[in-house]
Structures are given as structure tokens and as C-alpha cells.
Amino acid sequence: MKMSLLLTGATVAAIAMATSAQGQELKNINFMSSNDGSCSVYPQFGIQAFGFLEKEGYKLTLLDSDTSVPYIAFMSNGDADIVMFDAAETLAARAAGQDMKIVYEAYQRAPEGIVVVDDSPVQSLADLKGKTIGLAEQPDEITTQIALDSVGLTLADVKTFVVGNQGPVMAMALRDKTVDAFAGGSSDRAAIEAQGVKFRNITPDAISMNPGNSLGVWGPTLEEKRPMITAFLRAWAKAQHAGVIDTKAVVAMCKEAIPEQFENLALGSKMIDNGVYNLQLRRTVKYGELQADIWKSIQPGFLKAGIITQEVDPSTFLDTSFQDSLNFTTQDVLDGIKAWKEANPDKVIN
């Protein structure tokens, strides 16, 4: 689900050079992510800081993700060239006849989940019957509903209310037992952890294994924007791979981009580790590879939750035509990281 900015000072301008190495003016890409102010989406900063997008001849403008307007509207009216959608938004948009295409699975695991404090007697979702679940945002009720359904419970078996997504408020709700469990995204959990609250994730793996966030484009302008989309996706894949090659470099880069999230370096590093080795870990042969079988298998849960009224054929919205154009070498990634380190010797974490 889409997450609001979670820490102070979270409006972030694009980190992009005005001109390319050849002196040519860089073309702009307007991108709307799930959270433009969080390093939980670390590639959105890495594609710029490590020069991957500049090498393609483009610069990036990050659009404000903290909006009540449906993300599909920004793409359909041309304000956004590429948008990050969660699975629920994708299926709902396609079920409503919106001509959007998913071109890259950025997260092959859902960031949403349900957690309880470490010493809670609740050991599994089944134990939540009769309990109170706090929500970071109203859309997190969808995650809750689908998760509860996996153990034979419904929303009628629990109480839910929106706590909000501010770290101190979420942490207090768990700490003083206003709620027995909390449903939210990875950034929400990072904000709770930053307040010193230890918790356990009780979300079953089967629920988490879905395309949590994917990159989508507007179908009618896909061919017109193909060079731009290809450049962005290749740069994004490199930025994902940078996390695996040199996690400390990504931590250092993100610390420079969003310092508020790294006031406690250990917690900030843990957030990056979760992104690199869990949420955004490549689980397919290629980065971003589209998994039609997964998209089909998750739909009954969304159907039962009322997100869609009928199942949607994945072939109508998954566009695999970019996949073979995203090749790069490990050296390409290493070169980008090296250049950043040389330009920022005082920022390097050893």
C-alpha cells in the first residue's frame, strides 16, 4: 500500500546532474514511487547518485508520493511517466479498464505485513481473533483482510482502526497495548523500530510472496516513451544490483540523500538490508522479470476482499517486451559505485 512520508524533512528533490558528461542536456523522467521520501525504495536514489540514469542520457524528477489522488491519475494525464503500483492498485486499475502496463517487478515480495510486540502472547494470525489491529493507513485493511482469510478469519473477527504512520504514534500504540497488532509497510516498521520497539512479523510467507511494488506505464504512450522507459528500467536494475554488490555504499549514499533515516545508523542499515536481501531481492532469472503465475495466484484473495469483482488475465497488463533490453555488466555497477565514492570520500562507510 502507498505510504506517506514517515520522518521529518522528507520532501526530497531529484538528485540529478543538469548535463551529461558530453555536455548534452539530460532529458527528464517524472517518476512517482511508493514513497519518495524513504530509502526503503533505495534504487530511486541509487539510479541518480551512482550515475546510472545519467549514463542513459536522463535525469529524474521524483514526484510527491504523499497524495490522496490515485496514482493511476498521474500516469493517465501524463504528469508521471513511470509509476510504482502495488498489486491491489494494479489489479483494481485493470479491472476498471485502465490501459496501464506493468513492465518491471521492483519488489517480488510484499512490503506490507502484520506485526506484534516481541513479548506478545499472539503467536500467529489465528490468535488475533477478538483482538485490535492498528493500521498505518486505511488501505492496510486490505492486507489485513487477505492475511486473516488465510487462517479462516474475517475483519468481523477483529477490531481495526487507523493509527497513522508517524513513528512515535505507531510505537506508542503497540507499547501501551492500545493495539494488539499493527498492519503497515516496511517504512512503517522501520519507523516503529526507530522508536525502540521490538516486534515480530507474523505474516505468513504465502501472503508476502507477491509483486509488492511494480513499475507501470501508460499503455497508449508506451511505444512513444519506449527509449525513456528502457533507460529507466536498466538504470533501476543496476541500482538494485548495487545493493547486493556493495550494501555499505548504498547505505552511505542513502544516508546522504535522507539523513533523517540514518540518525541511528544501525537501524538505517537494517532498513537497507531488508530492502536489498528481502523485499527487493531478485527471485527470478532476470531483474524485474514478470511472473504471470504469481499475478494469477494472488487474485482470489483480492477478489474475496472486494478489490476486484472478477479476475483479470495477466497477459492484458504484463508487458515483457523490455526484459531483453535491460542487460548490463557487474563492472557497469562497480564503476558507478566507484565514481560516487571518489566524489564523496568523506561519506564512505568502511
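None of these values were measured; they are calculated from a predicted model.

Asker: What is the right way to read the packing of helix H10 (residues 247-257) against helix H14 (residues 330-343) from this model?
Answerer: For any two helices packed against each other, the geometry comes down to the angle between their axes and how far apart the axes lie. Taken N-terminus to C-terminus, the directions of H10 and H14 make an angle of 50°; their axes are 11 Å apart at the nearest point. One way to sum up the angle between H10 and H14 is to call them oblique. Seen from above, H10 lies across H14 with left-handed handedness. Each of Ala249, Ala252 and Met253 in H10 lies in contact with H14, whose residues at this interface are Ile337, Trp340 and Lys341. Split by residue class, the contact of H10 with H14 holds 5 nonpolar, no polar and 1 charged.

Asker: Honestly, the sheet that holds strand S3 (residues 82-85) in this entry has me stumped. Any pointers?
Answerer: Strand pairing in a sheet is mediated by backbone hydrogen bonds. Such pairs are either parallel or antiparallel. As summarised here, the arrangement of the 5 strands in space is S2-S1-S3-S10-S4, forming an open sheet in which the pairing is mixed. Unpaired on one side and paired on the other, strand S2 (58-62) and strand S4 (100-107) mark the two borders of the sheet. Neighbouring strand axes in the sheet, compared pairwise and without regard to direction, differ in orientation by 30° on average. The sheet contact formed by S3 and strand S10 (residues 213-218) spans 3 bridges and is antiparallel. Counted as the bridge partner of Phe85 is Ser214 from S10.

Asker: Would you mind going over H14 with me for this structure?
Answerer: Its 14 residues place the ends of H14 20 Å apart at the C-alpha level, agreeing with the 20 Å of an ideal helix rising 1.5 Å per residue. For H14, the complete set of buried residues consists of Val333, Gly336, Ile337 and Trp340. The buried residues of H14 occupy an angular sector of 95° when projected down its axis, which confines them to one face. Contact partners of the buried residues in H14: helix H1 (43-49), helix H2 (52-55), helix H9 (226-245) and H10.

Asker: When you look at the packing of H9 against H14 in this model, what are you seeing that I'm missing?
Answerer: Taken N-terminus to C-terminus, the directions of H9 and H14 make an angle of 80°; their axes are 10 Å apart at the nearest point. Here H9 is positioned roughly perpendicular relative to H14, judged by the angle of their axes. When H9 is examined against H14, the residues Lys238, His241, Ala242 and Ile245 are found in contact with a partner set consisting of Thr330, Asp332, Val333, Leu334 and Ile337. Of the residues in the contact of H9 with H14, the class split is 5 nonpolar, 2 polar and 2 charged.

Conventions used here
- Residue indices begin from 1 for each chain and proceed along its sequence in written order.
- Totals for whole chains, interfaces and linings use every residue, but because this is a predicted model, local features are given only for residues with pLDDT of at least 70 and side-chain atom pairs only at 80 or more, for both listing and counting.
- Only hydrogens and water are removed before side-chain values are computed, so all heavy atoms of the structure are retained for them.
- Lines fitted to C-alpha atoms define the axes, with helix axes restricted to the stretch in contact, and inter-axis angles between N-to-C directions lie between 0 and 180 degrees.
- Strands are runs of DSSP state E lasting at least 2 residues, helices are runs of H or I lasting at least 4, and numbering of each runs from the N terminus.
- Here roughly perpendicular refers to angles of 65 to 115 degrees, roughly parallel to angles under 35, roughly antiparallel to angles over 145, and oblique to all remaining angles.
- For any helix crossing, the convention is left-handed if the near helix is rotated counterclockwise from the far helix by under a right angle, and right-handed if that rotation is clockwise.
- Residue contacts follow a heavy-atom distance rule, with two residues in contact if any of their heavy atoms lie within 4.5 Å.
- Three categories are distinguished: nonpolar for Ala, Val, Leu, Ile, Met, Phe, Trp, Tyr, Cys and Pro, charged for Asp, Glu, Lys and Arg, and polar for the others, with Gly belonging to the last.
- Pairs of strands are assigned from DSSP output, requiring at least two bridges between the strands.
- An expected span of 1.5 Å times one less than the residue number is assigned to each helix.
- Burial classes follow relative accessibility: with a 1.4 Å probe on protein chains only, a residue under 20% of its type's maximum area counts as buried, one over 50% as exposed, and anything between as partly exposed.
- In this description, the arc belongs to the directions extending from the helix axis to the C-beta atoms.

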